[in-house]
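Residue strings, one per chain:
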Amino acid sequence: MSKFKKKKSGDMPAVNTASLPDIVFMLLFFFMVATVMRQNTLMIDNNLPFADQVEKLDKKDLVMYIYAGKPSDNFKQYGTEAKIQLNDKFADVNEIAAFIAAERASKREELIPFLTTALKVDSDANMGLIGDIKQELRKVNALKINYTTKKGTVLGRD
Amino acid sequence: MAKRAAPEVNAGSMADIAFLLLIFFLVTTTIETDSGINRKLPPMEESDEEVVIKQRNIFTVLLNGKDQLLVEDELMELENLREAAVKFLDNGGDGSCDYCKGEGDKSSSDNPDKAIISLKNERETTYKTYIAVQNELVAAYNELRNIRAQELYGKPFAEMQANYKDVNWPGNKEKLKAKIDQIKVDYPQKLSEVQ
């Protein structure tokens, strides 16, 4: 008589979660492909301005990065004025020359003329600081610069 | 003997492991912005010889500390800057530029080769505005170059440059380079910044 067991009714079957790992792996692979490892820990706000006439910076190994902006929330003790950051720490304008020299020394000699300095500056910084940086770069003859910007429209224009 | 179904492997923790990896990547990586406006700074040593530039060949753009724009001694909105710059560069006042479409105004620039845009900003100018102005001025040059490339070679300048950089482009790169250089000679980018 018990050959045909009556199916239990009312018990909800467990939801199959076997595809959950697949979805998460998909996300994981997307992030692995689309992002790069952080090079410097930014201690400043770095909200880049927008521009639409941009050129792509290729040859990543030939780029030196100079960051500037006002210290972010965790570093309020350094004040609220825009500061320069070089390699994980705040720097003064006159340290730029040494920084460029160090970067140049770490590259092969024949590549030195092709080095570009990328200025990653917060959009709220004022031009006095940028002018000082540019003047300093001229002194050490690092003339190729790139104002790194996000791709987008400028100031409210569609 | 009755067939026994293979026991199911419990994969419930796989999602946890994948999430762990995902969060690790989210935290340690950034989406890098790697595009921007390329510029070349003038070298430090100033040449002693005095270069005389006629006032009508200079397009002065002034940005003050309140982010206001003064173009050729007149207040201007940022939206109109590109148009004004194009008009100035493409003026062709002395008639030596046979491809210019400007009005040939005698009081404006002689030809695109002589026309210089001079950009001056104050220390208090915000970077955002400065970049916006730079962007508009570069856009003016690009617009003229695009038009020129279109009428000479039937292709916009931007596309030619993209092709030149593209490794997989099948055409003749040397010819393309010559064409690009020709357009750069027709509309040289002369943007100077006053310190």
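Everything numeric in this text was worked out from a predicted model, so none of it was measured.

**Quick notes on the overall build of chain B**
- If you tally the helices and strands in chain B, you get five helices and seven strands.
- When the elements of chain B are put in sequence order from the N terminus, they spell out α-β-β-β-β-β-α-β-α-α-α-β.
- Counting the 195 residues in chain B, one finds 39% classified as buried.
- For chain B, the computed accessible surface area is about 11900 Å², with 53% contributed by carbon and sulfur atoms.
- The averaged location of the 34 negative side-chain charges in chain B is 7 Å from the averaged location of its 25 positive side-chain charges.

**Brief notes about the side chain of S35(B)**
- Take S35(B): it is sitting in strand 2 (residues 35–40).
- Classification of S35(B) by relative accessible area gives buried; the value is 12%.
- Contacts of S35(B), omitting those with residues within four sequence positions, involve V54(A), E55(A), K56(A), L57(A), N146(A), Y147(A), T148(A) and T149(A).

**Here's the deal with the pattern of salt bridges**
- Summed over the entire model, instances satisfying the criterion amount to 11 salt bridges over all chains.
- Across the pair E110(A) and R108(A) runs a salt bridge, and its minimum N-O distance is 3.0 Å.
- Of the residues examined, E110(A) reaches a relative accessible area of 48% and is grouped as partly exposed.
- Taking the relative accessible area as the measure of exposure, R108(A) reaches 52% and is therefore exposed.
- Of the charged contacts in the structure, one is a salt bridge between D181(B) and K177(B), with a shortest N-O distance of 3.8 Å. You can see D181(B) and its partner K177(B) sitting in helix 5 (residues 173–186), four residues apart, about one turn around the helix.
- Judged by its relative accessible area of 33%, D181(B) is partly exposed.
- Within the structure, one salt-bridge network assembled from shared partners comprises R148(B), E151(B) and D186(B).

**Overview of the interface of chain A and chain B**
- Each side of the interface is counted separately: chain A has 56 residues, and chain B has 51 residues.
- On the chain A side of the contact with chain B, Q53(A), R138(A) and Y147(A) bury the most area, a combined 15% of that side's loss.
- Where chain A meets chain B, there are one salt bridge.
- When the shortest N-O distance is used, the salt bridge between D132(A) and R123(B) registers 3.0 Å.
- Linking chain A with chain B are 20 residue pairs in polar contact (both at pLDDT 80 or more).
- Counting residues per element, the ones that place at least two in the side of chain A that touches chain B are helix 1 (20–34), strand 1 (36–37), strand 2 (50–51), strand 3 (55–56), strand 7 (116–121), helix 3 (127–139) and strand 8 (144–148) of chain A.
- Counting residues per element, the side of chain A that touches chain B draws most heavily on helix 3 of chain A, at 10 residues.
- Split by residue class, the side of chain A that touches chain B holds 31 nonpolar, nine polar and 16 charged.

Quick notes on the rules
Residues numbered from 1 in each chain as written. Chains lettered and ligands numbered in written order. Predicted model: local features only at pLDDT ≥ 70, side-chain atom pairs only at ≥ 80, totals over all residues. Heavy atoms only, no water. Helix = DSSP H or I, 4+ residues; strand = E, 2+ residues; numbered from the N terminus. Buried < 20%, exposed > 50% of the residue type's maximum accessible area, 1.4 Å probe, protein only. Areas by Shrake-Rupley, 256 points an atom, 1.4 Å probe, with all protein chains shown as cover. Lys, Arg positive; Asp, Glu negative; His and termini not counted. Charge placed at Lys NZ, Arg CZ, Asp CG, Glu CD. Contact = heavy atoms within 4.5 Å. Salt bridge = Lys/Arg side-chain N within 4 Å of Asp/Glu carboxyl O. Buried area = accessible area lost by both parts, 1.4 Å probe. Polar contact = N/O pair within 3.5 Å; in protein donor to acceptor, adjacent residues only side chain to side chain. Nonpolar A, V, L, I, M, F, W, Y, C, P; charged D, E, K, R; others polar.

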